[in-house]
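# Examining the three-dimensional arrangement
The primary structure of each chain is shown beneath.
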Amino acid sequence: MQFTTTRDILLEALQKVAGVIERRSTMPILANVLLRVHDDYLTIVGTDLEIELITRTRIEGTEGETTVPARKLLDICRLLPAGTQVHCSLKSEGALTLKAGRSRFSLATLPSDGFPEFQLKGEETEARIGGESLRKLLGKTLYAMAQQDVRYYLNGLLLELEGDTIRAIASDGHRLAWCQQPLEQPVEALKQPIVPRKGVQELSRLLESDEHSLALHLTDNAIRLVLPDVVFSAKLIDGRYPNYQRVFPQQVAGTITCDRQALKDAISRVSILSNEQYRGIRFDVDGNLLKLSAHNPEQEEAEEELEVLYEGPRFSAGFNASYMADAVSHLEADTITLSFAEQNLTCLLQDPEDPGVRHIVMPMRL
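Residues numbered from 1 in each chain as written. Predicted model: local features only at pLDDT ≥ 70, side-chain atom pairs only at ≥ 80, totals over all residues. Heavy atoms only, no water.

## What about helix α5 (residues 260-270)?
Worth spelling out the cut-off: Burial here depends on accessible area, computed with a 1.4 Å probe over protein chains only, as a share of the maximum for the residue type. Under 20% is buried, over 50% is exposed, and the range in between is partly exposed. Secondary structure elements are taken from DSSP: a helix is a run of H or I of four residues or more, a strand is a run of E of two residues or more, and numbering for both begins at the N terminus. As used here, the arc belongs to the directions running from the helix axis to the C-beta atoms. Any two residues having at least one pair of non-hydrogen atoms within 4.5 Å are treated as being in contact. For this analysis, a polar contact is any N or O atom pair within 3.5 Å, provided that within protein one partner can donate a hydrogen and the other can accept it, and provided that sequence-adjacent residues contribute only side-chain to side-chain pairs.
All of the buried residues in α5 are Arg260, Leu263, Ala266, Ile267 and Val270. The arc that holds every buried residue of α5, seen down its axis, measures 135°, which confines them to one face. Those residues of α5 that are buried are in contact with β18 (252-259), β19 (280-286), β20 (289-295), β21 (301-307), α6 (321-329) and β24 (335-341). Where α5 begins, one side-chain oxygen reaches toward the backbone nitrogen of Gln261, 3.2 Å away; that side chain belongs to Asp259.

## A closer look at the pattern of salt bridges
Once the charged atoms of two side chains with opposite charge are near each other, the side chains can pair. To keep things clear, this is the line we draw: Think of a salt bridge as a Lys or Arg side-chain nitrogen and an Asp or Glu carboxyl oxygen that are within 4 Å of each other.
The final tally for this structure, using the stated rule, is 19 salt bridges. For the salt bridge of Asp75 with Arg78, the shortest nitrogen-to-oxygen distance reads 2.8 Å. Of the two residues, Asp75 and Arg78 are both situated in helix α2 (residues 70-79); the distance of three residues between them amounts to about one turn of the helix. With relative accessibility at 38%, the residue Asp75 sits in the partly exposed group. When the shortest N-O distance is used, the salt bridge between Asp354 and Lys136 registers 2.8 Å. Taken as a pair, Asp354 in strand β26 (residues 354-361) and Lys136 in helix α3 (residues 131-139) lie far apart in primary sequence, 218 residues in all. Owing to a relative accessible area of 25%, Lys136 belongs among the partly exposed residues under this scheme. Connected through shared salt-bridge partners, Glu12, Lys16 and Asp229 make up one network.

## Here's the deal with the sheet that holds β21
As a general point, the strands of a sheet are linked pairwise by backbone hydrogen bonds and lie either parallel or antiparallel. Stated formally: Between any two strands, at least two bridges found by DSSP are needed for them to pair. Note on geometry: axes are C-alpha line fits, over the in-contact stretch for helices, and angles between N-to-C directions span 0 to 180 degrees.
If you trace the four strands from one edge of the open sheet to the other, you get β21-β20-β19-β23, paired in antiparallel fashion. Each edge of the open sheet is held by one strand with a lone partner, namely β21 and β23 (315-320). Each neighbouring strand pair of the sheet contributes to a mean axis angle of 20°, computed without reference to strand direction. Inspection of the sheet shows β19 paired to β20 by five bridges, in the antiparallel sense. Note on β20: the bridge partner recorded for Asp284 is Lys291. Sitting on the sheet, α5 touches β19, β20 and β21, and the angle it makes with β21 is about 170°. Lying on the sheet, α6 is in contact with β19 and β23; it crosses β23 at an angle near 90°.

## Some details on the sheet that holds strand β13 (residues 175-182)
Taken together, nine strands build an open sheet; the order of strands is β14-β11-β12-β13-β26-β25-β24-β18-β22 and the sheet is antiparallel. Sheet topology places β14 (194-196) and β22 (309-311) at the edges, where each strand pairs with a single neighbour. Mean inter-strand twist for the sheet, computed between neighbouring axes without regard to direction, equals 20°. Sitting on the sheet, α5 touches β18 and β24, and the angle it makes with β18 is about 95°.

So, in structure tokens, the structure goes:
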């Protein structure tokens, strides 16, 4: 096996797959990437057994395949001068030689037949979604995913495909983010895959500059997305997501309409003197006046008042300042609404002009 390409092309491909490579693994081959030359294409594959990323690049070369240490190859390419021609060849003794200008490197390899590759098994469901729509789904919701929660199904993102609609739902039990977008190719039956946290983060990173129509393939235990120059695959979390619809307020006690930036700034200022462990702030609403307040064990206090439009009776409730600030930050309109449930004062934050995005923050005792 041998191939020739430029440092920039090889580096770009390696950077796309490097995110899934484990630095420490019980399987040495998982620290490697698979290099395969076939039909004048160089295919690079990286995996951690849960997520797989594949890139394909047109090159000149002779066919063959091997695996090499991912981080070392990435670091070499990163430190080579831009535009340098890179020639790689696999020696008979199993080492990969890389020549670039006056630089020469010899990398240890492992046989490619021991490299684990994803295979979608079982009945497959196909759909299509715009890259911009998928980026919005992830961008508006992934912040609310749990981290290392014993309720393992919360350590991921629920994708709910129904007809010509796709919804993304994330929750850590204290807050919830919900976003809805159209599908370009509808599905016949309801599908509810749960994509693991790392997979969601990697997919979000890959979508940063993509606006193409994307092919989505689903089986009972895996998801695959075909991007213009990357194929993303991930094993799904085996579990049933709770009925998130019960969290949305059925009966609203009152609704605040206010300036988004003013509320965000007020929360940031008042939370400075909140309890560092619980980060609680109090909302007191009376008429068209919203008072935010916080205190801490050092007997320090902060208060701020905001002019708002409010419909409903007077009430007081406590919320986590960080959760509330995150929800406000993930809305884009100048004016937003905060609706409070009649029974427990759960807060629903929305953009009146974009009903496809909703954020829930549960109240807390102060």
